[in-house]
Amino acid sequence: TTNSVPINGLASFTTYYYYVRSVCSTSSKSAWALRGVFKTKCDPQTTMFENFDALASGSFNADCWDKIVLGTGYYSISGSGVNSTKGITLSASSPANTVIAVLPAFSNVNAGTHWLRFKAKVNSGTGVMDVGYVTNDADAASFVNIQSLTMTNTVFDGYEYTVVVPTTVPVNARLAIRHGGTATSSLYL
């Protein structure tokens, strides 16, 4: 009579497979059938330094990060990082094609002692990067902007950005970087 049940004791950042079978009686049971796969979220961190060099280019597979993509925007790991290392590329051609990179969760996100520091550039023209947070890592509408950064630099050298994380960020929020599609430039971090 129940079609859902909570599962306790799962390890963080672990892939699980779930199977089901029907049980009509103690002697009448179907074979087990794989019904899906899921991965648990990472435990919240207190600090972070991210290096994307070990990740495959062309997709987004950074541990503990999430992405929210609306329309035809995209977010991927690329070889367009500092000194030809790997980094993140965010591209969105209009507000209908927003892409948001959601950082790992922090247990102390609103401690008032944190900031995001990163190098960033655009491929051409002017790019606008919004740094904020989401309260739902699957809903672009939950994004709250902390600071917008307007970029015209097409090189990383000499362009380091710092955004202070205020104490007003909700304890359950995750920091996020958004390309809202207000300029057609691709953003590189």
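Preceding this paragraph is the structure being described.
Analysis parameters
Residues numbered from 1 in each chain as written. Predicted model: local features only at pLDDT ≥ 70, side-chain atom pairs only at ≥ 80, totals over all residues. Heavy atoms only, no water. Phe/Tyr/Trp six-rings, centres within 6.5 Å; stacked < 30°, edge-to-face > 60°. Helix = DSSP H or I, 4+ residues; strand = E, 2+ residues; numbered from the N terminus. Buried < 20%, exposed > 50% of the residue type's maximum accessible area, 1.4 Å probe, protein only. Pairing = 2+ DSSP bridges. Core = buried A, V, L, I, M, F, W, Y, C linked by side-chain atoms within 4.5 Å. Contact = heavy atoms within 4.5 Å. Polar contact = N/O pair within 3.5 Å; in protein donor to acceptor, adjacent residues only side chain to side chain. Patch = residues over 30% accessible without salt bridge, like charges linked within 9 Å, V, L, I, M, F, W, Y side chains within 5 Å. Areas by Shrake-Rupley, 256 points an atom, 1.4 Å probe, with all protein chains shown as cover. Salt bridge = Lys/Arg side-chain N within 4 Å of Asp/Glu carboxyl O. Axes fitted to C-alpha atoms, helices over the stretch in contact; angles between N-to-C directions.

(A) A look at the packing of aromatic side chains. Evaluation of the coordinates by the stated rule reveals four aromatic pairs. Look at Tyr18 and Phe38: their rings are 6.1 Å apart centre to centre, the planes differ by 45°, and that puts the pair in the tilted class. Taken together, the residues span a long stretch of sequence, with Tyr18 in strand S1 (residues 15-20) and Phe38 in strand S2 (residues 33-39) at a distance of 20 residues. Owing to a relative accessible area of 29%, Phe38 belongs among the partly exposed residues under this scheme. Their ring planes at 65° and their centres at 5.5 Å tell us that Phe52 and Trp65 sit as a pair that is edge-to-face. Of this pair, Phe52 sits in the loop between S2 and strand S3 (66-69) while Trp65 sits in the loop between S2 and S3, and the two are 13 residues apart along the sequence.

(B) Just the sheet that holds strand S8 (residues 121-122), in detail. Reading across the sheet, the four strands line up as S4-S5-S13-S8 and stay open at both edges, with antiparallel pairing between neighbours. With partners counted over all chains shown, the strands left at the sheet margins are strand S4 (74-78) and S8, one partner each. Strand direction decides the pairing type here: strand S5 (residues 87-91) and strand S13 (residues 187-188), joined by two bridges, are antiparallel. Residue Thr89 lies in a different strand from S13, and its bridge partner there is Tyr188.

(C) Looking closely at the nonpolar core. Among the nonpolar cores identified, the biggest contains 33 residues, and Trp65, Phe118 and Met129 are the most heavily contacted of them. Elements represented by at least two residues in this core include exactly S4, S5, strand S6 (99-102), strand S7 (115-119), strand S9 (127-134), strand S10 (143-151), strand S11 (160-164) and strand S12 (174-179). What Phe118 contacts, discounting residues up to four positions off in sequence, is Met129, Val131, Leu149, Tyr159, Glu160, Tyr161 and Leu189. The next biggest cluster of nonpolar side chains, apart from the first, holds seven residues, and it includes Ile68, Val134, Ala140 and Ala176.

(D) Representation of the side chain of Thr40 in the model. The topology assignment puts Thr40 in the loop between S2 and S3. Looking at Thr40, its side chain comes within polar contact range of the main-chain nitrogen of Phe13, at 3.0 Å. In this structure the side chain of Thr40 is engaged in a polar contact, spanning 3.0 Å, whose partner is the backbone nitrogen of Thr14. Leave out the neighbours within four places in its chain, and Thr40 touches Leu10, Ala11, Ser12, Phe13, Thr14 and Tyr16.

(E) How the structure looks around a nonpolar patch on the surface. Residues Tyr17, Tyr19, Trp32, Leu34 and Val37 make up a contiguous nonpolar surface patch of roughly 570 Å² in combined accessible area. At the level of secondary structure, the elements contributing two or more residues to the nonpolar patch comprise S1 and S2. Within the secondary structure, Trp32 sits in the loop between S1 and S2.

(F) Inspection of the sheet that holds S6 at higher detail. Across the sheet, which stays open at both edges, the five strands sit in the order S3-S6-S12-S9-S10 with antiparallel pairing between neighbours. Bordering the open sheet on either side are S3 and S10, each of which pairs with just one other strand. Along the sheet, successive strands turn relative to each other by an average axial angle of 20°, direction set aside. Relative to S12, S6 runs antiparallel, the two being bridged by four bridges. Along S12, the bridge assignment pairs Ala101 with Ile177.

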